[in-house]
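A look at the structure
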Amino acid sequence: MNKIFARFGRVISFPTMQNKEANAIMVSQSTMQQKGLENTKVSDVLLTKDGEESGSWLCCRTNDTAYDAIKQMADNNIGSLVVLKPGENQLIAGIITERDYLRKVIVQDRSSKYTRVGDIMTEQSKLITVTSDTNILQAMQLMSEHHIRHVPVIDGKVVGMISVADIVKAVVEQQTGEVNQLNQFIRGDYY
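Residues numbered from 1 in each chain as written. Predicted model: local features only at pLDDT ≥ 70, side-chain atom pairs only at ≥ 80, totals over all residues. Heavy atoms only, no water.

A look at the overall build of the protein
Along the backbone of the protein there are 7 helices and 8 strands. A burial count over the protein gives 41% of its 191 residues as buried. Carbon and sulfur atoms provide 52% of the accessible area of the protein, an area that totals close to 10900 Å². (Helix = DSSP H or I, 4+ residues; strand = E, 2+ residues; numbered from the N terminus. Buried < 20%, exposed > 50% of the residue type's maximum accessible area, 1.4 Å probe, protein only. Areas by Shrake-Rupley, 256 points an atom, 1.4 Å probe, with all protein chains shown as cover.)

Right, here's the structure in full:
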């Protein structure tokens, strides 16, 4: 069941299951460590994101002010928001990043209280996205090639957002798991 909290805020695209969800995240982290990077998908990374409910992501609307969007990013210590079209439907219009704000508001000496998100966002037609089935190495390569740090995850509709930091964390967890398995093997604890 989809819910939108406040005029802009966190969108939850899956029902929440508190204890089952926490267990799924722990199992997912363990499974991710055993899968190998070549088999780890964006969906695995979305399940392990700190402080977020599964399937949730922050958003704003095209008619919100740039000030409100940047304030929301600062309050949540994030660098981008998915931008949705006005109305109850969760139709993606684009993405707004700190870079968009810097280049299109600050450098152009515009007022953030009067500039609308729709005027400065990266539009959907120029948006780089991935699906939840995308391999994290492919996602990392895509982000590197396009010099971007945030990518919406779209499976017909927006299901989350992934950042370079999320991917780096997944790679570190994967490598830590492999090192631990090798140490266990060397000590003879591995069966």
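Right, picking up where we left off after that structure.
Looking at the environment of Ile-128
Assignment of secondary structure puts Ile-128 in the loop between strand S6 (122-123) and helix H6 (136-146). Residues Ile-128 and His-146, spaced 18 residues apart in sequence, show a C-alpha to C-alpha distance of 8.3 Å. Those residues in contact with Ile-128, other than ones at most four positions away along the chain, are Leu-142, His-146, Ile-148, Val-151 and Pro-152. (Contact = heavy atoms within 4.5 Å.)

What about the confidence of the model for the protein?
Parts of the prediction with low pLDDT should not have their coordinates interpreted in detail. Scored by pLDDT, the protein comes out at a mean of 79, with 77% of its residues at no less than 70. Helix H5 (residues 117-120) holds the highest mean pLDDT among the elements of the protein, 96, whereas strand S1 (residues 3-4) holds the lowest, 37. Between residues 1-33, whose pLDDT stays under 50, and residues either more than four places distant or in other chains, the model counts 73 contacts. (pLDDT = per-residue confidence, 0-100.)

Some details on the state of the cysteines
Applying the stated criterion across every chain yields a total of 0 disulfides. Distance from the sulfur of Cys-59, which forms no disulfide, to the nearest cysteine sulfur (Cys-60) is 6.9 Å. Under the relative-accessibility criterion, Cys-59 is labelled buried at 1%. What makes Cys-60 buried here is its relative accessible area of 0%. (Disulfide = S-S within 2.5 Å.)

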